[in-house]
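Residues per chain, in single letters:
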Amino acid sequence: MERQKEQKQGPQMGIGLETLPSCVLISAIFPKLELETLCSLACVSRAMNSSVSQALSSLSSLNLSAFSANAQILSSIVGGCRGLNSLTLNCLRLDDSSLAIFLGAHIQELNLLCCSLMSYQVLASIGEACPNLRVLVLELVDQESPEAFKINLDRMLNGCLCLESLSIKIRWRGVGANPFQPFRFFLPKTLKSIKLQPVLEEDRLSLVLDVISDQLIVAIGICDNLVELDLEDRPIQEPLPNHDLTSVGLMSLASNFRLKGLSLGRSRQNCQVSFKGVDDMGMFVFSKYCTTLESVRLFGFSRVSDAGYASVLQSCQNLKKFEVRNAFLMSDLAFVDLTRFSCSLVEVKLLSCCLITCETVNQLTSSGVLDVLDLYGCRSIADSCLISIASLHSLTMLNLSGADISDYGLSVLGTGNPPITHLCLRNCKAVTDEGVLLLFLGGGTIGKTLSSLDLGHIPGISDKAVLTIAVAGTEITELCLSYCSSMTNSSLEALATRKQYRDDCKLLRRLDIFNCKGLSADSIRLLKRPFFPGLHWLGIGNTRLNSKGCPALSEIGYERPWLTICLDGCEMGCHDGWQFHRVP
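Please read these numbers as outputs of a predicted model, since none were measured by experiment.

1. What to know about the overall build of the protein
If you tally the helices and strands in the protein, you get 19 helices and 20 strands. Looking at the protein as a whole, 54% of its 584 residues are labelled buried. Contacts spanning at least 24 positions in sequence make up 76% of the contacts within the protein whose residues lie at least 6 apart. Carbon and sulfur atoms provide 52% of the accessible area of the protein, an area that totals close to 23700 Å².

Encoded structure:
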């Protein structure tokens, strides 16, 4: 009865709005509605669809990545928006027949994410319909043969002669090596940015790039205007020395281009490999020529030490973003006297760099301009460095996953100045409920700005911490509590009903309660309407909530068409955006 009543109220609201003049809807009502609500109204009737289309027609950019619309809903939303030149879509429920709805000569930037139902024909269709396209981002799965991919990619590249930025992810589900070799294709000379990334699924590898090598760098040399390059590989075996990236190739890259952004990476997903042909000397010469770099991302360089990384930091005076991963030879020495050089880093990510300590953090925070600081897996980071972090006035993202942080450190952060919106404390084993209380109620800025919080894999987190978040975390829209086994139904109820007690609370958009064993099967009622309005993503795998089987989850999915339910323990929102379980 409750569900029928709610379903009845939805159309009545639409009918009520239909009685208002279109000009009132567009000027006074629609600007106050969230995009999801606006999209829902477009499906109520033809008159409402017309009003919504008219409201959106003036937009030049539209981002619908937060939810996956079907073809009918998408047509209602963007069918009349021919003024769009930038469009981002979650294509989880779209196939090739949907392309005609939004493709056209007006599109200059196109981001198609989660394209699990589309074939490689999408490439050819884009080439034929979007001659003015400048930026393309695609996430596909292998639906056909590699030869079909090659043919369709060639047609796209020949049709999009204005293309400046190309990013393609392909999930390979076949057996054996992936024969894709994109650089055999014609590449438009207008290209300024290339990103070709491998994607893993079910322990099978997809390599758009089999191996990054000196030969590949030479092949890229035809793109005279290249200012941004993003390459990643995942070899299935150790590359041969003469078919690998060496210091020579790195120096060639530096001397041939005036790069502003560079990302070079080798994953160890399949075997323990690295760029063994690149050493400090290669990095020295590279840094000498690449002084125009503003963004650098490097991982897999096992022979590069403090001296090599320091040369990049000291030579690139315009450097704003610096990311290094698994740099086992990089220590605090790479950042010594960093303030003497003119580069002012605003984004620093040092992932799984085991030799990095609080000394580096103190050097990085001395400039006072940091916006992003990611210290994932840096286990020597302790409470003492939070004093310098707490003095920052521009920091919005902080990742301390796996660090030696305690409740005392959170108390320092809770009284500090940073307007942090995203905080990750995953695997900080010393953190307890008391630390969360001090974080939100310490009187500092973070209690008023924090919108995304990750407390996963912390045994000391229980109902007390979640209740604090529900009451005091008014800005929280994303919350990860995976593997918090002490959490019970009381926590879920507090989160489900917090809007009733604090009207100024933001709606929770993403919630991860994977492997929360303390939740009972009966608590699944809290996932139904009217609880958790606005929820877009839910991780409930390995809990009693999914023990009643698919019928209960299917009912929730039917009630909430925008909701994605993940049972597989993926990252919150799913790491690659489309490797999740979708409830029918």
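2. Let's talk about the side chain of Ser523
With respect to the helices and strands, the residue Ser523 is situated in the loop between strand S18 (510-512) and strand S19 (537-539). One polar contact links the side chain of Ser523 to the main-chain carbonyl oxygen of Ser520, over a distance of 2.6 Å. When neighbours within four sequence positions are excluded, Ser523 is seen to be in contact with Asn489, Leu492 and Leu545.

3. Some thoughts on the packing of helix H10 (residues 280-289) against helix H11 (residues 306-315)
In a packed pair of helices, the relevant descriptors are the angle between the two axes and the axis-to-axis distance. Direction vectors running N to C along H10 and H11 enclose 5 degrees, while the axes themselves pass 8 Å from each other. With respect to their mutual orientation, H10 and H11 come out roughly parallel. Contacts between H10 and H11 pair Asp280, Met283, Phe284 and Ser287 from the former with Ala307, Gly308, Ser311, Val312 and Ser315 from the latter. Per-class residue counts for the contact of H10 with H11 are 4 nonpolar, 4 polar and 1 charged.

4. Looking at the packing of helix H15 (residues 433-441) against helix H17 (residues 463-472)
Two elements in contact, H15 and H17, have axes whose closest approach is 8 Å; the angle formed by their N-to-C orientations is 15 degrees. Taken together, the axes of H15 and H17 are roughly parallel relative to one another. As for the relative orientation of H15 and H17, their crossing is left-handed in sense. Along the contact surface, H15 presents Asp433, Glu434, Val436, Leu437, Phe440 and Leu441, while H17 presents Lys464, Ala465, Thr468, Ile469 and Ala472. Here the residues of the contact of H15 with H17 sort into 7 nonpolar, 1 polar and 3 charged.

5. Remarks on the pairing of strand S12 (residues 347-351)
Of all 5 residues in S12, 4 are buried, a share of seventy percent or more. Of the strand pairs in this sheet, strand S11 (residues 321-325) and S12 are connected by 5 bridges, and their pairing is parallel. If you follow Glu323 over to S12, its bridge partner there is Lys349. Inspection of the sheet shows S12 paired to strand S13 (residues 372-374) by 3 bridges, in the parallel sense.

6. Some remarks on the nonpolar core
The biggest cluster of nonpolar side chains holds 109 residues, and the ones touching the most others in it are Phe322 and Leu350. The leading source of residues in this core is H17, at 5 residues. Leaving out residues up to four positions away in the same chain, Leu350 has contacts with Phe322, Val324, Met330, Phe335, Ile356, Thr360, Leu364, Asp374, Leu375, Tyr376 and Cys378. Leu64, Ile77, Leu99 and Leu140 belong to the second largest nonpolar core, which has 47 residues in total.

7. Section: H10
Every buried residue of H10 is listed here: Asp280, Gly282, Met283, Phe286 and Ser287. Down the axis, H10 shows its buried residues gathered within 155 degrees of arc, on one side only. Exposed positions of H10 whose direction lies more than 90 degrees from the buried face are Met281 and Lys288. Capping the start of H10 is the job of one residue whose side-chain oxygen sits 3.2 Å from the backbone nitrogen of Met281: Asp279.

Cut-offs applied
- Residues numbered from 1 in each chain as written.
- Predicted model: local features only at pLDDT ≥ 70, side-chain atom pairs only at ≥ 80, totals over all residues.
- Heavy atoms only, no water.
- Helix = DSSP H or I, 4+ residues; strand = E, 2+ residues; numbered from the N terminus.
- Buried < 20%, exposed > 50% of the residue type's maximum accessible area, 1.4 Å probe, protein only.
- Contact = heavy atoms within 4.5 Å.
- Areas by Shrake-Rupley, 256 points an atom, 1.4 Å probe, with all protein chains shown as cover.
- Polar contact = N/O pair within 3.5 Å; in protein donor to acceptor, adjacent residues only side chain to side chain.
- Axes fitted to C-alpha atoms, helices over the stretch in contact; angles between N-to-C directions.
- Parallel < 35°, antiparallel > 145°, perpendicular 65-115°, else oblique.
- Nonpolar A, V, L, I, M, F, W, Y, C, P; charged D, E, K, R; others polar.
- Left-handed = near helix turned anticlockwise from the far one by under 90°.
- Pairing = 2+ DSSP bridges.
- Core = buried A, V, L, I, M, F, W, Y, C linked by side-chain atoms within 4.5 Å.
- Arc of directions from axis to C-beta.

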